[in-house]
Amino acid sequence: MHQYLVFALTVATGFFAIMNPVGNTPIFLGLVDGLDEPTRRKVAWRGVLIAFVVVALFTVGGNLIFRLFGISLPAFRIAGGLLVFMVGYQLLHGRTSAIHHLGPDEADDDGAATSIATTPLAIPILAGPGTISTALNFAGSHTDRIHVIIVLLVFAVICLLTYLAFRFSEQLTAVVRPSIIAVVTRLMGVIITVIAAQMVIEGVAGAVRQFHA
């Protein structure tokens with residue numbers, strides 16, 4: 001039981017750092033600028049839901065994807081670690097993903113407005129390569145279903161927290177100063193780079209064991 005709790009806390013820390021609900025809230029506000037409140041809620045909910053579905057598919061079907069493309073777990077951990085490191089490096093320097101703003105003609109178009117929930121909100125801001133790599137690394141480190149279920153449940157909780165942060169984004173940004181958001185973003189960057197380093201170390205160790213097997 002203790003090992004599952006420790007694993008869940010580790011997964012939660014990793015997902016929270018790479019999803020960064022607080023740091024992504026200003027980005028969400030930039031995306032939905034000019035939209036009415038019901039449309040904002042729709043964009044937030046749809047974006048988080050799509051992100052969860054994408055990451056869940058990769059988490060559950062990770063082994064099948066590996067076999068289909070002939071990818072070994074050590075190779076994925078090394079590549080994924082490098083991708084996650086790039087995300088953490090950008091956060092350390094206060095950089096964020098490019099933001100797509102709706103034009104004046106798009107603001108009143110419900111279809112165009114909700115389309116940003118898919119891109120860029122869900123992909124790649126929430127369910128980008130770093131998030132997918134982190135999920136696959138956590139799930140791929142264990143073969144039993146309990147750990148995979150824990151990854152999915154924890155990610156669902158982080159998605160819920162992200163939705164709440166987006167849902168109350170204006171209130172959150174009114175309370176949390178930009179300087180605090182910048183500090184939190186850089187702290188998340190540190191955590192992510194450490195996770196990335198661990199992924200690369202485990203990947204290299206696994207590759208060495210395969211080579212000498």
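All values reported here derive from a predicted model rather than from experimental measurement.

Before going further, it helps to spend a moment on helix H1 (residues 2-19). Relative to the 26 Å expected for 18 residues at 1.5 Å per residue, H1 spans 25 Å between its end C-alpha atoms, a close match to the ideal helical length. Buried within H1 we find Phe7, Ala8, Val11, Gly14, Phe15, Ala17, Ile18 and Met19. At the C-terminal side of H1, Asn20 shows a positive phi close to 45 degrees.

Summed over the entire model, instances satisfying the criterion amount to two salt bridges. For Arg167, the salt bridge identified is with Glu37, shortest N-O distance 3.5 Å. Placement of the pair is Arg167 in helix H9 (residues 145-167) and Glu37 in helix H3 (residues 37-60), with a sequence separation of 130 residues.

Here the focus is the environment of Phe138. Within the fold, Phe138 resides in helix H8 (residues 129-140). On the basis of relative accessible area, Phe138 is assigned to the buried category, the value being 8%. Setting aside its immediate chain neighbours within four residues, Phe138 contacts Phe7, Thr10, Val11 and Val151.

Another point: the packing of helix H5 (residues 73-92) against helix H11 (residues 178-212). Relative to each other, H5 and H11 sit at 165 degrees, their axes nearing to 7 Å. When the axes of H5 and H11 are compared, the pair comes out roughly antiparallel. For the crossing formed where H5 meets H11, the hand is left-handed. Per-class residue counts for the contact of H5 with H11 are 16 nonpolar, nine polar and three charged.

This next bit is on H3. Across its 24 residues, H3 extends 35 Å between first and last C-alpha, which sits within 8% of the 34 Å expected from 1.5 Å per residue. Where H3 is concerned, the buried positions are Thr39, Arg40, Val43, Ala44, Gly47, Val48, Ala51, Val54, Val55, Ala56 and Thr59.

A few words on the environment of Val151. For Val151, the location among the structural elements is in helix H9. Sequence separation between Val151 and Phe138 is 13 residues, and the spatial gap between their C-alpha atoms is 7.1 Å. Ignoring anything within four residues of it in the chain, the contact list for Val151 reads Phe7, Val11, Phe15, Thr59, Ala135, Phe138 and Ala139.

Moving on, we come to the side chain of Ser169. Residue position: Ser169 is located in helix H10 (residues 169-175). Exposure remark for Ser169: the relative accessible area of 4% places this residue in the buried category. If we skip the residues at most four places from it in the chain, Ser169 touches Thr25, Phe28 and Leu29.

Generally speaking, a soluble globular protein has its nonpolar side chains buried in company with each other. If you look at the biggest cluster of nonpolar residues, it comprises 46 residues, and the most contacted ones within it are Phe15, Val43 and Leu126. For this core, the elements supplying multiple residues, two or more each, are H1, helix H2 (21-31), H3, H5, helix H7 (117-126), H8, H9 and H11.

Here we take up the packing of aromatic side chains. A complete count under the given rule lists seven aromatic pairs for this structure. Both rings, one in Phe15 and one in Phe138, keep their centres 6.1 Å apart while their planes meet at 70 degrees; by these two values the pair is edge-to-face. Taken as a pair, Phe15 in helix H1 and Phe138 in helix H8 lie far apart in primary sequence, 123 residues in all. By relative accessible area, which is 0% here, Phe15 ends up buried. Following the ring pairs from residue to residue traces out a cluster consisting of Phe7, Phe15, Phe52, Phe138 and Phe155. Positioned above the aromatic ring of Phe168, the side-chain terminus of Arg167 is 5.1 Å from the ring centre.

Mapped onto the elements, Arg40 comes out in helix H3. Separated by 3.3 Å, the side chain of Arg40 and the backbone oxygen of Leu35 make a polar contact. In this structure Arg40 touches Phe28, Leu29, Val32, Asp33, Gly34, Leu35 and Glu170, once residues within four positions along its chain are discounted.

Definitions and cut-offs
- Residues numbered from 1 in each chain as written.
- Predicted model: local features only at pLDDT ≥ 70, side-chain atom pairs only at ≥ 80, totals over all residues.
- Heavy atoms only, no water.
- Helix = DSSP H or I, 4+ residues; strand = E, 2+ residues; numbered from the N terminus.
- Expected span 1.5 Å × (residues − 1).
- Buried < 20%, exposed > 50% of the residue type's maximum accessible area, 1.4 Å probe, protein only.
- Salt bridge = Lys/Arg side-chain N within 4 Å of Asp/Glu carboxyl O.
- Contact = heavy atoms within 4.5 Å.
- Axes fitted to C-alpha atoms, helices over the stretch in contact; angles between N-to-C directions.
- Parallel < 35°, antiparallel > 145°, perpendicular 65-115°, else oblique.
- Left-handed = near helix turned anticlockwise from the far one by under 90°.
- Nonpolar A, V, L, I, M, F, W, Y, C, P; charged D, E, K, R; others polar.
- Core = buried A, V, L, I, M, F, W, Y, C linked by side-chain atoms within 4.5 Å.
- Phe/Tyr/Trp six-rings, centres within 6.5 Å; stacked < 30°, edge-to-face > 60°.
- Lys NZ or Arg CZ within 6 Å of the ring centre and 35° of its normal.
- Polar contact = N/O pair within 3.5 Å; in protein donor to acceptor, adjacent residues only side chain to side chain.

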